[in-house]
Amino acid sequence: MKNILITGSGGQIGSELTLELRSRLGGSHVVASDKREITEGALFETGPVEVADVTNAKEIAGLVKKYNIDTIYHLAAVLSAVGEAKPQLAWDIGVNGLYNILEVAREQKCAVFFPSSIGAFGPSTPLDNTPQDTIQRPVSMYGVTKVSGEMLCDYYAQRFDVDARGVRFPGIISNGTLPGGGTTDYAVEIFYAAVKTKHFVCPLEAGTFLDMMYMPDAIKAAINVMEADPKKLKHRNAFNVTSMSFDPEILYAEIRKHIPDFKMEYQPDPVKMRIANSWPNKMDDSCAREEWGWNPEFDLDKMTRDMIQVIRKKFEMGLI
Ligand code: SER
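The rules behind these values
- Residues numbered from 1 in each chain as written.
- Predicted model: local features only at pLDDT ≥ 70, side-chain atom pairs only at ≥ 80, totals over all residues.
- Heavy atoms only, no water.
- Near = heavy atom within 4 Å.
- Polar contact = N/O pair within 3.5 Å; in protein donor to acceptor, adjacent residues only side chain to side chain.
- Areas by Shrake-Rupley, 256 points an atom, 1.4 Å probe, with all protein chains shown as cover.
- Nonpolar A, V, L, I, M, F, W, Y, C, P; charged D, E, K, R; others polar.
- Helix = DSSP H or I, 4+ residues; strand = E, 2+ residues; numbered from the N terminus.
- Buried < 20%, exposed > 50% of the residue type's maximum accessible area, 1.4 Å probe, protein only.
- Phe/Tyr/Trp six-rings, centres within 6.5 Å; stacked < 30°, edge-to-face > 60°.
- Pairing = 2+ DSSP bridges.
- Axes fitted to C-alpha atoms, helices over the stretch in contact; angles between N-to-C directions.
- Salt bridge = Lys/Arg side-chain N within 4 Å of Asp/Glu carboxyl O.
- Contact = heavy atoms within 4.5 Å.

Caption draft 1: Broad picture of the site of the ligand. The full set of residues close to the ligand is L79, S80, S117, Y142, G182, T183, T184 and W279. Contacts to the ligand include S80, whose side-chain N or O atom sits 2.6 Å from an oxygen atom. Separating a nitrogen atom of the ligand from a side-chain N or O atom of T184 is a distance of 2.8 Å. Starting from 240 Å² of accessible surface for the ligand in isolation, the protein chains cover 93%. Split into classes, the residues belonging to the shell around the ligand amount to three nonpolar, five polar and no charged.

Spelled out as structure tokens, the structure:
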């Protein structure tokens with residue numbers, strides 16, 4: 001039986017991944033950990049919760065031993081815009097934190113899932129149909145930590161036989177826990193604004209195309225790459241995965257199909273624009289499709305319908 005530890009369980013992806021894995025494996029087999037204590041809500045009620053700081057290797061090693069963990073989904077991270085404000089913290093959590101996870105995985109024989117990102121690319125990368133294997137010279141500290149992380153995972157796999165796998169996530173759109181401090185967060189915030197106030201100030205310029213994905217597909221990607229037949233994997237780590245690519249204008253027009261009096265204006269944020277301009281417009285994810293059957297379910301139309309339906313319901317119930 002699998003026993004899983006998730007770091008960053010309180011975050012945007014971690015919160016939903018924890019609940020999905022618990023529904024598949026049983027609550028007691030999936031340990032939710034976060035830097036901040038989890039004291040209530042679904043994560044608290046459905047299985048074990050622990051406080052864990054990924055920069056403290058002893059804490060992580062203790063949890064792996066205590067729960068007889070064999071797989072770690074390492075989701076603790078600092079996102080791109082916050083990483084520019086706090087580069088030292090981004091390095092510490094992004095690189096030293098991953099190093100600790102990989103060392104514990106080597107010592108206690110765990111598999112590791114590591115989420116890399118579109119942030120691992122930079123302005124010298126081909127930004128259209130970005131290949132799986134290409135130039136990676138990111139200009140953000142977030143990107144530097146993601147490239148370093150991809151290389152650390154490859155190194156631990158080759159040198160120590162740690163089964164470290166992962167994907168390069170695009171911007172993740174979800175209606176549960178909000179993301180914090182990412183360049184792609186606008187694509188989540190716009191839905192809340194459209195439902196609540198019918199007005200949104202967009203921090204990215206029109207024409208800024210980025211890859212995006214709806215949360216159910218992101219959860220599916222993380223679980224499927226870990227369950228893939230290792231004999232079929234040529235890359236193992238840092239697979240490009242994407243579901244859709246749009247700019248703010250396209251998303252705005254799509255939301256207005258459902259909320260016609262919604263208005264958006266632009267106030268570009270220079271830090272986010274510099275980052276967004278250095279990231280792919282659209283990645284080529286054919287290696288993930290060929291090697292482990294990646295096949296997203298949600299396109300722009302289906303994602304938008306679902307987001308508006310769920311957020312409207314929450315608004316009507318007074319939850320947001
Ligand atoms: N969503 C992330 C960010 O914007 C990118 O992986 O920082």
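Caption draft 2: A look at unusual backbone geometry. A positive phi angle is found at N68, which is not glycine, with a value near 55 degrees. Structurally, the position occupied by N68 is in the loop between helix 3 (57–66) and strand 4 (71–74). With a relative accessible area of 57%, N68 lands in the exposed category. The phi angle at K198 is positive, at roughly 60 degrees, despite the residue not being glycine. Tracing the backbone shows K198 in the loop between helix 7 (186–196) and strand 9 (199–202). The partly exposed category is assigned to K198, whose relative accessible area is 35%.

Caption draft 3: Structural context of the packing of aromatic side chains. In this structure the tally under the stated criterion is 10 aromatic pairs. With a centroid separation of 6.1 Å and 85 degrees between ring planes, the pair formed by Y155 and F160 is classed as edge-to-face. Taking relative accessible area as the criterion, Y155 reaches 41% and is therefore assigned partly exposed. Overall, F160 belongs to the partly exposed group, its relative accessible area being 31%. Site record: aromatic cluster; members linked through ring pairs are Y73, F113 and F169.

Caption draft 4: The arrangement of the sheet that holds strand 8 (residues 171–173) in detail. Taken in spatial order, the three strands make up an open sheet running 8-10-12, and their pairing is mixed. Of all the strands in the sheet, just strand 8 and strand 12 (244–246) have a single pairing partner and so form its edges. Neighbour to neighbour, the strand axes of the sheet diverge by 40 degrees on average, direction disregarded. Pairing of strand 10 (residues 210–214) with strand 12 involves three bridges; the strand directions are antiparallel. Bridging from a neighbouring strand, D211 pairs with S245 of strand 12.

Caption draft 5: Seen up close, the pattern of salt bridges. Under the definition given, this model contains 14 salt bridges. K66 is the partner of E50 in a salt bridge, and the nearest nitrogen-oxygen pair spans 2.7 Å. With E50 in strand 3 (residues 49–51) and K66 in helix 3, this pair connects stretches of sequence that are 16 residues apart. Judged by relative accessible area, which is 56%, K66 ranks as exposed. Residue K302 is joined to E297 by a salt bridge in which the shortest nitrogen-to-oxygen separation is 3.0 Å. The class of K302 is partly exposed, set by a relative accessible area of 34%. According to the relative accessible area criterion, E297 is partly exposed, its value standing at 47%. It is possible to trace a salt-bridge network through shared partners that takes in E103, R106 and E107.

Caption draft 6: Structural view of the pairing of strand 5 (residues 111–117). Of all seven residues in strand 5, seven are buried, a share of seventy percent or more. Strand direction decides the pairing type here: strand 5 and strand 7 (residues 164–169), joined by six bridges, are parallel. Paired with F113 across the two strands is R165, which belongs to strand 7.

Caption draft 7: Broad picture of the sheet that holds strand 3. Spatial strand order, 3-2-1-4-5-7-11: seven strands in an open sheet with parallel pairing. In this open sheet, the two strands that pair with only one neighbour each are strand 3 and strand 11 (239–240). One ladder, built from four bridges, connects strand 1 (residues 4–7) with strand 4; its direction is parallel. From the neighbouring strand, I4 faces strand 4, where its bridge partner is T71. The sheet strands contacting helix 6 (residues 141–160) are strand 5 and strand 7, and the helix crosses strand 5 at an angle near 145 degrees.

Everything listed here is a matter of coordinates, which is why it stays silent on function.
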